[in-house]
Each structure stands twice: as structure tokens, then as C-alpha cells.
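# A closer look at the structure
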Amino acid sequence: MPFTIAIDGPAASGKGTIARAISRRFGFHHLDTGLLYRAVGAKGGDPILAAEGLSAEDLARSDLRTNEAGQAASRVAAIPEVRAALIEFQRRFAVLEPGAVLDGRDIGTVICPEAELKLYVIASDEVRAGRRATELGADPAETLAALRERDARDSARATAPLRPADDAVILDTTDMSITEAVSRAIVEVQTRRR
Ligand code: CDP
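In total, this model carries 16 salt bridges according to the counting rule given. Of the charged contacts, one joins Arg-65 and Asp-32 as a salt bridge, the two residues approaching to 3.1 Å between their closest N and O atoms. In this pair, Arg-65 sits in the loop between helix 4 (56-59) and helix 5 (67-76) while Asp-32 sits in strand 2 (residues 29-32), placing the two residues 33 residues apart along the sequence. Of the charged contacts, one joins Arg-184 and Glu-180 as a salt bridge, the two residues approaching to 3.5 Å between their closest N and O atoms. In this pair, Arg-184 and Glu-180 both sit in helix 10 (residues 178-193), four residues apart, roughly one turn of the helix. Of the residues examined, Arg-184 reaches a relative accessible area of 42% and is grouped as partly exposed. What you see here is one network of salt bridges that share partners, running through Asp-125, Glu-126, Arg-128, Arg-148 and Asp-151.

Spelled out as C-alpha cells, the structure:
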């Protein structure tokens, strides 16, 4: 049986970093599901057709990490048909052997409600904005405003809003180093794999 790990949380909370580290540590596959929505948003045109026809090339674009691409992603992510078009690919990925780590907003609640481990990673708004601004070389105040706008839209949408699953483990990384956050996550995996 494959082992599925769902990691959700608001923008720039550290989900991606934790997901990558965990997947390396356990030899699991990793899918950054935010990239799917970023690619749909960046493609332009009809977002539903973009989601239905998403290709590896679309995901390899070099301009998907910017604050603007994040905003475009969160706008198309509110469209139910866009989300529906991406479900099957994510669910198939989630059951790859020997295991898979998926990070996003609705992995524990909608995509993989049966995941063996669900983590919900949070951090204060200021810490998240600081991390993302450093990563992008962007202005911290503008980045903070962009993250807040995105979180508000992601939490308020009717389909698959951002929220922790009832059985998610909440990991607050505000005062944690990357190493500490990853170690905590590894312990949660190990407890469930025995
Ligand atoms: O890296 P960051 O946390 O800033 O964002 P991301 O994970 O790349 O996601 C970009 C946007 O895609 C989010 O703001 C959501 O609107 C959307 N998204 C989603 O709706 N569902 C997911 N499973 C993943 C991302």
C-alpha cells in the first residue's frame, strides 16, 4: 500500500520546503500542486480549457514563481471546473509507490481525504512574507499584501477552500528553522509508518 502525505496551508508557510525534504528522506514522489494552478493562470485564454489541456511544457515555464503568477493562480483556482479538471491527475499521483507527498490547499480535505498523514503548515503573516520576499528578491510590504489577498481569496471560495482537515496535524513554523520543521514532520511520518 502506498503511503500518502497531504501538506496544506496558506501561501509561503513552508509547505513546499517540508514536502521536498520529506519526499527525499523517504524516497517518495513529490507534487507541488500549486504549480498546476500557476501554470493554468499563466497560460491565459480560457482557464477551463487550459486546465483540461495542461502539459509538461506548461509546468516547466520559468515565470511561475512570481507574486503575479500566484495571484493569477488563486483567481483561476476559484473556478470549480478548473479544479475538477485537475483532480484525477493529482489522485493518481497520490497513490504512486512507495509513497507520495502532495502540497497545496485542499489535499487533505478534497484530493486525498484518506491520506495517512495530513499536515497543515502555518506561520505568521510577517514571517511568511519575509521568507517569500527573500526567495523572490521582492519588496516585503508588497509581498505581504499579495499573500494576504491570496489567502483571503483561497479561504473564501466556495469550492475546496483553504482549511485544515479535521484530523490534520497543525505545524506552526513561525519560530522554527527549516531543519526543525522538517524534523517534526519526519517524526509524524515515522509514527504512522510503524
Ligand atoms: O507557494 P505558495 O504557497 O505561495 O502558493 P502555491 O502553493 O504555488 O499556490 C498558488 C495558488 O494556487 C494558491 O494561492 C491557491 O489559490 C491555488 N492552489 C489551490 O487552490 N489548490 C491547491 N491544491 C494548490 C494551490
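Now for the site of the ligand. As a matter of local geometry, the ligand sits amid 18 residues, with Lys-15, Arg-38, Arg-83, Arg-150 and Asp-154 nearest to it. With respect to the ligand, the side chain of Arg-157 contributes an N or O atom lying 2.9 Å from an oxygen atom. Expressed as a share of its isolated accessible area of 530 Å², the protein-covered part of the ligand is 97%. When residues of the shell around the ligand are traced back to their parent elements, those giving at least two are helix 2 (33-43), helix 5 and helix 9 (140-156).

Moving on to the nonpolar core. The nonpolar side chains of a soluble globular protein tend to be buried with one another. Counting residues in hydrophobic clusters, the biggest one holds 21 residues, and the most contacted among them are Ile-5, Ile-7, Ile-18, Ile-22, Val-101, Leu-119 and Val-189. Aside from chain neighbours lying at most four places away, what touches Ile-22 is Ile-5, Val-101, Val-182, Ala-185, Ile-186 and Val-189.

Quick look at unusual backbone geometry now. Omega for the peptide link from Glu-97 to Pro-98 comes to 0°, which places this bond in the cis form. Positive phi, normally seen in glycine, also occurs at Ala-12, with a value near 55°. Looking at the element boundaries, Ala-12 is found in the loop between strand 1 (3-8) and helix 1 (15-26). Although it is not a glycine, Ala-160 sits at a positive phi angle of roughly 50°.

Parameters and conventions
Residues numbered from 1 in each chain as written. Predicted model: local features only at pLDDT ≥ 70, side-chain atom pairs only at ≥ 80, totals over all residues. Heavy atoms only, no water. Salt bridge = Lys/Arg side-chain N within 4 Å of Asp/Glu carboxyl O. Helix = DSSP H or I, 4+ residues; strand = E, 2+ residues; numbered from the N terminus. Buried < 20%, exposed > 50% of the residue type's maximum accessible area, 1.4 Å probe, protein only. Near = heavy atom within 4 Å. Polar contact = N/O pair within 3.5 Å; in protein donor to acceptor, adjacent residues only side chain to side chain. Areas by Shrake-Rupley, 256 points an atom, 1.4 Å probe, with all protein chains shown as cover. Core = buried A, V, L, I, M, F, W, Y, C linked by side-chain atoms within 4.5 Å. Contact = heavy atoms within 4.5 Å.

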